[in-house]
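Listed below, chain by chain, are the residues.
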Amino acid sequence: MRAVLLGHEPWSLRTVRDWPEPVLGPGQVLVRISGVGICGSDLALADGRRRVPGYPWVPGHEAFGEVVATADGADRGLAGRRVVIEPNYPCLHCPACQAGQTSLCPDRAVVGFTVPGLLADYAAVPEAYAWPLPDNWTEGDAVCAEPLTVALAAIRRRGDLAPGSRCLVIGAGSQGMLMCLALVARGINPHVLEPAEGRRDLAVSLGAIAAAAGDDGFGTVFETSGSPAALAEALTRAAPGATIMLIGLSGQPALTDTELIVRRQLSLRGSIIYDHPGDFAATLRIAGVPAGAVLRASYPLEEAAAAFRAAGTLAGKTWIRLGH
Ligand SMILES: [Zn+2]
Ligand SMILES: [Zn+2]
């Protein structure tokens, strides 16, 4: 089958035609992949900041497709269905999993990072992680279902956001834009802080408000950029008693004066992915989040390397079309 492979060297991406097809294990379904989104985590893989267990490596974790085969014991009802893949497989036995916080599972398999990814013609997926898509979801919405779930889980963990709440989203990369869309769907038009004009304009077209220099007093700040300077910005703009939800992954120290946290009695909370199975189930129940609106460029599988290059600079989310 066709597959995209990343080699040892940064950006050494190529599409091959002779990669072995996956063999179905017990309880798995075979998904013919239709589309795969690219996000910041994939770029960290491509440029070598994140390493994987072995090379060459198949990247990709934001995918939808069609179930074309099911193993014995896997839900027959999935055969022929259009599905989105939940690309994190927790152990379901550890204390975190037992408490429902599967995102904290120390033994979680992370598709595309600790187990091979989805940028290939076919993938074998545990049946509970292949979610049937509602008929009214476009292919663009389907590509964005996974990062939309990341955004919705962060909002859920924030807890008490009423319509009309004053929110700030820092960063309008694809995750920041999906955060804006998720908030708009909740009746909140967030302010957005993004230095790149194209990305900022796209976020505004989705219902966000461009934050000006003096805009502050936000009860909730969603930090999606991962920029080391973003935390200081978030603290400055937060209202007394506000919560700052950290979603962006930086990997670098954030230098900031903590006095504002003390004086304003701010709460800092991290939010990583989503918990199985509730958060994906909730995403697919939601109607009316046009998640595909954040997509812009799409590339065929054969041009995956160009797609990865473009994803780092283009406004809007870049994705790869498998062409089945
Ligand atoms: Zn992602
Ligand atoms: Zn676990």
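Predicted, not measured: the structure shown is a model, and the values here were computed from it. Each chain carries its own residue numbering, running from 1 in the written order of its sequence. Lettering of chains starts at A and numbering of ligands starts at 1, both following the order in which they are written. Whole-chain, interface and lining totals are the exception, using all residues; otherwise, since this is a predicted model, local features are given only for residues with pLDDT of at least 70 and side-chain atom pairs are given and counted only at 80 or more. Water and hydrogen atoms were dropped before computing side-chain values, which therefore reflect all heavy atoms in the structure.

Enquirer: Run through the coordination of the zinc ion (ligand 2), naming residues and quoting values.
Expert: Taken together, the protein ligands of the zinc ion (ligand 2) are Cys91 (SG), Cys94 (SG), Cys97 (SG) and Cys105 (SG), with distances of 2.3 Å. Here the coordinating atoms are restricted to nitrogen, oxygen and sulfur within 2.8 Å of the metal centre, or 3.2 Å for Na, K and Ca, and because water is not among them the sites may look incomplete. Just to be clear on the cut-offs, tetrahedral is four donors with all angles between 85 and 135 degrees, square planar is four donors and octahedral six with opposite donors over 155 degrees apart and all others between 65 and 115, and anything else goes down as irregular. Classification of the site at the zinc ion (ligand 2) as tetrahedral follows from its four donor atoms and the range of 104 to 117 degrees in their angles at the metal. Positions of the donor residues of the zinc ion (ligand 2), expressed as sequence spacing, correspond to C-x2-C-x2-C-x7-C. Separated by eleven residues along the polypeptide, cysteine 94 in the loop between strand 6 (88–89) and helix 2 (95–98) and cysteine 105 in the loop between helix 2 and strand 7 (109–110) bring together distant segments of the chain. Note on accessibility: cysteine 94 and cysteine 105 belong to one class, buried. Secondary structure elements follow DSSP: runs of H or I of four or more residues count as helices, runs of E of two or more count as strands, with numbering from the N terminus. Between buried and exposed lies partly exposed: a residue is buried under 20% and exposed over 50% of the maximum accessible area for its type, with that area taken using a 1.4 Å probe on protein chains only.

Enquirer: An account of the layout of surface pockets is requested, with residue identities and associated values reported.
Expert: In this structure, the largest pocket spans a volume of roughly 1200 Å³. Lining the largest pocket we find 49 residues, and of these Cys39, Gly40, Ser41, Thr224 and Leu249 sit closest to its centre. If you list the elements that add at least two residues to the lining of the largest pocket, you get helix 1 (40–46), helix 4 (145–158), helix 5 (174–185) and strand 17 (317–321). Classification used: nonpolar for Ala, Val, Leu, Ile, Met, Phe, Trp, Tyr, Cys and Pro, charged for Asp, Glu, Lys and Arg, polar for all others including Gly. For the lining of the largest pocket, a count of residues per class yields 20 nonpolar, 21 polar and eight charged. Note on definitions: the grid is 1 Å and covers protein atoms alone; a cavity is a set of points where a 1.4 Å probe fits but cannot get out; a pocket is an open set with protein on both sides within 12 Å along at least five of seven lines; lining residues have an atom within 4 Å of a point. Grid points are joined across faces, edges and corners, and a volume is the space filled by probe spheres set on the points. In this structure, the second largest pocket encloses a volume near 270 Å³. If you trace the second largest pocket, you find 18 residues lining it, with Pro22, Pro116, Gly117, Ala123 and Ala124 closest to the centre. Among the elements that take part in the lining of the second largest pocket, strand 8 (residues 122–126) stands out by supplying five residues, more than any other. Class assignment for the residues of the lining of the second largest pocket results in 16 nonpolar, two polar and no charged.

Enquirer: So, helix 5: which residues are in play, and what are the values?
Expert: Look at helix 5: 17 Å from first C-alpha to last across twelve residues, which is about the 16 Å you get at 1.5 Å a residue. In terms of burial, helix 5 is a largely internal element, ten of the twelve residues being buried. For helix 5, the complete set of buried residues consists of Ser174, Gln175, Gly176, Met177, Leu178, Met179, Cys180, Leu181, Ala182 and Leu183. Whether two residues are in contact is decided by their heavy atoms, any of which lying within 4.5 Å being enough. Residues of helix 5 that are buried make contact with helix 4, strand 10 (167–170), strand 11 (191–193), helix 6 (197–205), strand 13 (218–223) and strand 17. Expected helix span is computed as 1.5 Å times (number of residues minus one).

Enquirer: Can you break down the coordination of the zinc ion (ligand 1) residue by residue, with the values?
Expert: Within the protein, the atoms that donate to the zinc ion (ligand 1) are Cys39 (SG), His61 (NE2) and Glu62 (OE), at distances of 2.0 to 2.2 Å. Positions of the donor residues of the zinc ion (ligand 1), expressed as sequence spacing, correspond to C-x21-H-E. One end of the pair, cysteine 39, is in the loop between strand 3 (28–37) and helix 1; the other, histidine 61, is in the loop between helix 1 and strand 4 (62–70), and 22 residues separate them in sequence. Residue class for cysteine 39 comes out buried when judged on its relative accessible area of 13%.

Enquirer: Quick one: what's the story with the sheet that holds strand 14 (residues 238–246), residue by residue and with numbers?
Expert: Backbone-to-backbone hydrogen bonds pair the strands of a sheet. The strands run either parallel or antiparallel. What makes two strands pair is DSSP finding at least two bridges between them. Taking strand neighbours across the sheet as the criterion, the six strands line up as 12-11-10-13-14-15 in an open arrangement whose pairing is parallel. Each edge of the sheet is formed by a strand with only one pairing partner; in this case those strands are strand 12 (209–210) and strand 15 (267–270). Pairing geometry for strand 14 and strand 15, over four bridges, is parallel. The partner of leucine 246 across the bridge, within strand 15, is glycine 270. Only C-alpha atoms enter the line fits that serve as axes; for helices the fit covers just the stretch in contact. Angles between N-to-C directions range over 0 to 180 degrees. In the packing of helix 5 onto the sheet, contacts are made with strand 10, strand 11 and strand 13, and the angle to strand 10 comes to roughly 160 degrees. With respect to the sheet, helix 7 (residues 230–237) is in contact with strand 10, strand 11, strand 13, strand 14 and strand 15, its orientation differing from that of strand 14 by roughly 150 degrees.

Enquirer: Explain the pattern of salt bridges residue by residue, including any values.
Expert: By convention in these notes, a salt bridge is any Lys or Arg side-chain nitrogen within 4 Å of a carboxyl oxygen on Asp or Glu. For the structure on display, the rule yields twelve salt bridges. Between lysine 317 and glutamate 62 there is a salt bridge, with its nearest N and O atoms 2.8 Å apart. You can see lysine 317 sitting in strand 17 and its partner glutamate 62 sitting in strand 4, a full 255 residues away along the chain. The two residues lysine 317 and glutamate 62 agree in class, both being buried.

Enquirer: Explain the environment of aspartate 107 to me, using residue names and the numbers behind them.
Expert: Looking at the element boundaries, aspartate 107 is found in the loop between helix 2 and strand 7. For aspartate 107, a relative accessible area of 54% corresponds to the exposed category. Residues aspartate 107 and cysteine 91, 16 residues apart in the sequence, show an inter-C-alpha distance of 5.9 Å. Excluding its chain neighbours within four sequence positions, the residues that come into contact with aspartate 107 are Tyr89 and Cys91.

Enquirer: Break down the side chain of arginine 158 for me, with residues and values.
Expert: Looking at the secondary structure, you find arginine 158 in helix 4. Whenever two N or O atoms come within 3.5 Å, that pair is a polar contact, provided that in protein one can donate a hydrogen and the other can accept it, and provided that, for residues adjacent in sequence, both atoms are side-chain atoms. Within polar-contact distance, the side chain of arginine 158 engages the backbone oxygen of glycine 219 at 3.4 Å. Side-chain polar atoms of arginine 158 contact the side chain of threonine 220, separated by 2.9 Å. Residues within four places of arginine 158 in sequence aside, it is in contact with Gly219, Thr220, Thr243 and Met245.

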